[in-house]
Structure formats: structure tokens, C-alpha cells
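# Survey of secondary and tertiary structure
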Amino acid sequence: TGQDDLLPLSHSRTLRKTNLVRVALPLQVQEYLEPFHLSVEKLREVSARLRKDLVRGLGKHSHHKAPVKMLPTFVRATPDGTEKGDFLALDLGGTNFRVLHVRVVEEEQKVLKMDSQICAIPKEMMLGPGVQLFDHIAACLNDFLVSQNLKGQTLPLGFTFSFPCEQKEIDKSILIRWTKGFNCSGVEGEDVVKLLKEAIHRRGDYDIGSVAMVNDTVGTMMSCGYRDQSCEIGMIIGTGTNACYMEEIKNVRRVEGEDGRMCINTEWGGFGDDGCLKDIRTEFDVVVDETSINPGIHNFEKMISGMYLGEIVRLLLVRLTENKLLFEGRTSEALLTPDAFETKFMSEIEERDGGLENTQNILTELGLKWDSVDSRIVRLVCNAVSSRSARLCGAALATLANRIRVNRRLDHLKTTVGVDGTVYKKHPNFSEELRATVRLLAPDCDITFLVSEDGSGKGAAMVTAVAQRLAHQTRLLEESDGEVDDEEEED
Ligand code: BGC
């Protein structure tokens, strides 16, 4: 059937069997794929390096030089089920920009997405002036409010902005740097909430209520937290990759306070930006980085996420073709075009049933002349790249789970991870391989994975709702404090 030539590279026995019996993979092809196969020992090392980097990022003095930023989010609580209200949500940072109207209903403990609208962001705008981007966002929001008949109301707004931001408060968020495909001028170093409000005021025809800034990982954790209160990690493996988790406040040295927890946006995409992953980066990773719009930034992300995986595969295929190990040495214009090999092809190619046929169709689409050995090699190339991505993510997730367990002095931790992102959701064996790695590297953690339902939309509403609930509680506390004082005096 040709199915078991697609077992993970990590199963070296299978690989050998695959090579000898099924594909007779040329030694030179194996040599190119070998660096993508990370041993369990290597993954353990990677996990230990990340463990150190988490501490560096949290430290008051080490933070500014730390590649893993460990950003405080000012989210101190997960939902408790009493949140309610109507919210607007904006979602910028994945493949699309979206505007949503979300209702949170207390009685039914439910988050209802009322409506949403997608607005395209043209590529030039992703690289143009920031003012233009925010004017576009304000215009999309206006169109949405008009279409929903909401224009007279001033609703609170959750803004899922999926880039590294130094958050000063829940509604003050300074962009540290753009990542993924964005690079608008005049936004880095600025408060994104201010830029949004200025754009709305420039129009002058509507207003918004209080704003809560949310990273997509946090939205994902919060939207799952509503269903499962032990959800204390949020993870994204989509266009980019990142995770957040609940950390003890006393360990967050840059934030005042000793008691309780705060959600930390790790920005693990930046892991390796100080060169600490040099030993596992391949020549293909180096090219992907150097030809990207932000060289030197987000090394870990560039080995893992959807924006880059397809390109790594393409570069490998080009090299194998140049060395006459594929397609009898004949490339095609498409194969030589950057980003022409899309990450979604990998999911289709690696599909268990029908993957081989999909491979052949894709290769034909790309203008390549293939034979059956070629198509099997291409599947193995895709598998090597996606498998490495899943295992690296698994190693990083294991680091977070182990940290939570040690923080709480537990022998055994049971926790839930909210996950989102096309790579995780669409790829046929990604999640399985990720889980297997976590089990190996965090054997004392029992992790449930919950795929988030629209964390960026509903989760943003959730964060805004929790922020409002806490603000409300603070006010109540202050008031009742006064009353207690009065009573004590009377006594
Ligand atoms: C960003 C993160 C985001 C992740 C997933 C990364 O490039 O820096 O803030 O969470 O992508 O969208």
C-alpha cells in the first residue's frame, strides 16, 4: 500500500526497514535528512536550555538581554464562570484580520460568538506605514459595527494582537518587534492601544469602551479555561509559534507582588536568538532565516511554524534535485520560487491514506517530472521537517509543564493545555508526535490537550470579561473595606 514508508523518522528501526525494503533511500538522501532527526538526548538538552532561558527572561536584571522574553500579561486569573457581557474582539496576527462580536452568558457558562467578519490585509499594508494599517483596522471595525447595527454602543474590546508586546497594564501594550510577515513602520516601541484609539478618533464617527490587549496564546488558554478550569497553558503552532502559562508572581521579578499567579507570555519563538541552538540548526534553517524579513529573529519559530516549514522543505528539495537525487536532476520554475511550496502541502503529502497520490498531484502542479521513488522521497523529506517541528515543540512544552510542577512542589502534575494553530490542527501526525515527546520529557506530568475553539476571538472576550470582573471586585472590596471600618468604630 505504500503507507508505512511514512512512519516518523524518529523510529529508526522503521526508517531502516523503510529504506531497505520499501524505498531503498539513497545514502546521500539520508545524509541530508539525518540532521533533522533529533535524538531524545538532544531534545532533553534543548529542553534544559529553554529551562534556563525561562529563568533569564523572568529575572529583573537578566531580562533585557534574554532571547525568551517572558512577558507579563497582567492576566492574573483564569475564568471562574461568572463573567458576562457583550464584547467586541479584534484578531490580528494570524493569516487574517478579523472583527468579532462576542456574548458571554453567565447562567449557561457559555461564550457565544455572535458574528464575525474577515478583512484582508494586503501584503503591501503588512510592510507599509503603521498609521495606514491602523486606519484600515478602524475602517474594518466601522464596517462591522454598521453591518451589526452596533454603532451607537460603546462596547469593551479585546484586541488579540499576536506579536511580542511589553505590556504595562492590560490596556497598555508596547510592540517590541514585528514577527511573521509583518513589518510596518512606526509601530515598534509604540503603544498599540494608543495607535488603535488614535485611528478611531481620526475618524470621529464611533468610539470603543475599555480595551484589553491579548496575545493569541493567552486568548487560547482563556477560551479553554472556560471549559476546563485546570487549563493553565496556551500554545499556538500556526503561522508562528508561542506559548503562555501561569507563573507564580513571586518568580516574576519585574512585577510587584508575592502572592498569586500571573500568565506569562513566553515568546518562545525567540529561543535560540543568542545562538544557543546552533548545534541543531541546519544549513536550510540558516537560509530561511537569512532570506526572511527579520534575519536573526525568532530562530526557534523558524524551525517550527507554518510560515517557514514549507520553505525548509522546498530548499531541501532544491538541494536534492541539484545533487540529482530527485527528479533526475530537473527542477522547475515553481520549485525555484521562494515560498511556492506551501506548508499545507506537507499535511496533504503526509496524509496516511491518499498521501502518496496527493504527493504526485502536488509535484505535477509544481511542474516536476517524478517517478514513484521521487514521490516517496518527497514524503520522507516532509516527514523529517514536520517531525522535527513537532518534537521541538514537545520539548518546549515539556519544559513549561515541568516548571509548573516544580513551582508547585508537586511530584505529579495534572494540567490542561489549550492549543490552536493550523499546523497542530491540520497536520496528520503532528499532535501525536508532539504528545509522545512530552510524555518522554515530562513523565511526571499528565497533560490533557484541548483544541481551542477560536481562542483569538472568544478568548479575547474572555480576557476582557475577566479584567472587568476583577476591576469590579477591586472596587467592591474598597467600598466594603470602608463599611467594615465604620462598623468597628461603632462597636
Ligand atoms: C509572535 C507571538 C505569537 C505567535 C503565534 C509569534 O510570531 O511573536 O506573539 O503568539 O507568533 O501567533
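Just so we're clear, the structure is a prediction, and the values are computed from it rather than from any experiment. (Residues numbered from 1 in each chain as written. Predicted model: local features only at pLDDT ≥ 70, side-chain atom pairs only at ≥ 80, totals over all residues. Heavy atoms only, no water.)

Buried residues dominate strand β10 (residues 241-248), accounting for 8 of its 8 residues. Residues of β10 alternate between two faces, with T241, A243, Y245 and E247 on one and N242, C244, M246 and E248 on the opposite face, all of them buried. The sheet contact formed by strand β9 (residues 231-237) and β10 spans 5 bridges and is antiparallel. Within β10, the residue paired with M235 across the bridge is A243. Counting the residues between successive antiparallel strands, the hairpin from β9 to β10 contains 3 residues. Across 5 bridges, β10 lies against strand β11 (residues 261-265) in antiparallel orientation. Within β11, the position partnered with Y245 by the bridge is I264. (Buried < 20%, exposed > 50% of the residue type's maximum accessible area, 1.4 Å probe, protein only. Helix = DSSP H or I, 4+ residues; strand = E, 2+ residues; numbered from the N terminus. Pairing = 2+ DSSP bridges.)

Turning our eyes to something else, we now look at the sheet that holds strand β13 (residues 445-451). The strand order across the open sheet built from 6 strands is β1-β11-β10-β9-β12-β13, with neighbouring strands paired in mixed fashion. The open sheet terminates on both sides in strands that have one partner only, identified here as β1 (71-72) and β13.

Another point: the UniProt feature "domain: Hexokinase C-terminal" (unreviewed entry) in the protein. Under the feature "domain: Hexokinase C-terminal" (unreviewed entry), the UniProt entry names residues 232-466. Between the end C-alpha atoms of residues 232-466 the distance is 15 Å, and the span holds 49% helix and 14% strand. (UniProt positions renumbered as here; feature names shortened; annotations may be inferred.)

Attention shifts here to the packing of helix α12 (residues 355-365) against helix α13 (residues 372-407). A packed helix pair is summarised by two numbers, namely the angle formed by the two axes and the spacing between the axes. Look at α12 against α13: their axes get within 9 Å of each other, and the N-to-C directions meet at 100°. When the axes of α12 and α13 are compared, the pair comes out roughly perpendicular. For the pair α12 and α13, the contacting residues are G355, L356, T359, Q360 and L363 in the first and S375, R376, V378 and R379 in the second. Of the residues assigned to the contact of α12 with α13, the class counts are 3 nonpolar, 4 polar and 2 charged. (Axes fitted to C-alpha atoms, helices over the stretch in contact; angles between N-to-C directions. Parallel < 35°, antiparallel > 145°, perpendicular 65-115°, else oblique. Contact = heavy atoms within 4.5 Å. Nonpolar A, V, L, I, M, F, W, Y, C, P; charged D, E, K, R; others polar.)

This paragraph deals with empty space enclosed by the protein. Scanning the entire structure with this criterion turns up 5 cavities of 30 Å³ or more. In this structure, the largest cavity occupies an estimated 80 Å³ of space. As for the largest cavity, its lining consists of P72, T73, F161, F163, C165, Q167, S173, M213, V214, N215 and N265. Where the lining of the largest cavity is concerned, the elements lending two or more residues are β6 (165-169) and β8 (211-214). (1 Å grid on protein atoms, 1.4 Å probe; cavity = no way out; pocket = protein on both sides within 12 Å on 5 of 7 lines; lining within 4 Å. Points joined across faces, edges and corners; volume = space filled by probe spheres on them.)

Before going further, it helps to examine the site of the ligand. Residues in close proximity to the ligand total 15 residues, the closest being T179, N215, D216, E267 and E301. Here T179 contributes a side-chain N or O atom positioned 2.7 Å from an oxygen atom of the ligand. E301 is positioned such that a nitrogen or oxygen atom in its side chain is 2.8 Å from an oxygen atom of the ligand. Among the elements of the structure, α7 (216-225) and β10 are those that each provide at least two residues to the shell around the ligand. Tallied by class, the residues present in the shell around the ligand amount to 3 nonpolar, 8 polar and 4 charged. (Near = heavy atom within 4 Å. Polar contact = N/O pair within 3.5 Å; in protein donor to acceptor, adjacent residues only side chain to side chain.)

This paragraph deals with the sheet that holds strand β5 (residues 157-161). Pairing within the open sheet is mixed, and its 5 strands lie in the order β4-β3-β2-β5-β8. The sheet terminates laterally at β4 (110-119) and β8, the two strands that pair on one side only. Each strand of the sheet is rotated relative to its neighbour by a mean of 20°, with strand direction disregarded. Examined bridge by bridge, strand β2 (residues 85-92) and strand β3 (residues 97-105) share 7 bridges and lie antiparallel to one another. Note that in β3 the partner of A89 across the bridge is L100.

For α12, the complete set of buried residues consists of G355, L356, T359, Q360, I362 and L363. Looking straight down α12, one finds its buried side chains confined to an arc of 165°; they lie on one side. Exposed and oriented more than 90 degrees from the buried face of α12 are E357 and E365. For α12, the secondary structure elements touched by its buried residues are α11 (343-349) and α13. Just past α12, the residue G367 takes up positive phi, approximately 75°. (Arc of directions from axis to C-beta.)

Below, the discussion takes up the packing of aromatic side chains. Within the structure shown, the criterion is met by 12 aromatic pairs. Seen from the ring of F163, K180 lies directly overhead, with NZ or CZ sitting 4.8 Å from the centre. (Phe/Tyr/Trp six-rings, centres within 6.5 Å; stacked < 30°, edge-to-face > 60°. Lys NZ or Arg CZ within 6 Å of the ring centre and 35° of its normal.)

Once that is clear, we can look at the pattern of salt bridges. Evaluation of the coordinates by the stated rule reveals 30 salt bridges. With its nearest N and O atoms 3.0 Å apart, the salt bridge here joins D91 to R98. A relative accessible area of 8% places D91 in the buried class. Assessed through its relative accessible area of 14%, R98 is described here as buried. Where R261 meets E232, a salt bridge forms, and the shortest distance between an N and an O atom there is 3.7 Å. Linking R261 in strand β11 with E232 in strand β9, this pair joins segments that are 29 residues apart in sequence. In this structure R261 comes out as partly exposed when scored by relative accessible area, which is 30%. (Salt bridge = Lys/Arg side-chain N within 4 Å of Asp/Glu carboxyl O.)

Here the protein shows a mean pLDDT of 89. Residues at 70 or above account for 90%. Confidence over residues 1-21 falls short of pLDDT 50; this stretch has 39 contacts with residues more than four positions distant or in other chains. The low-confidence segment residues 478-491 (pLDDT under 50) makes 0 contacts with residues lying over four places distant or belonging to another chain. (pLDDT = per-residue confidence, 0-100.)

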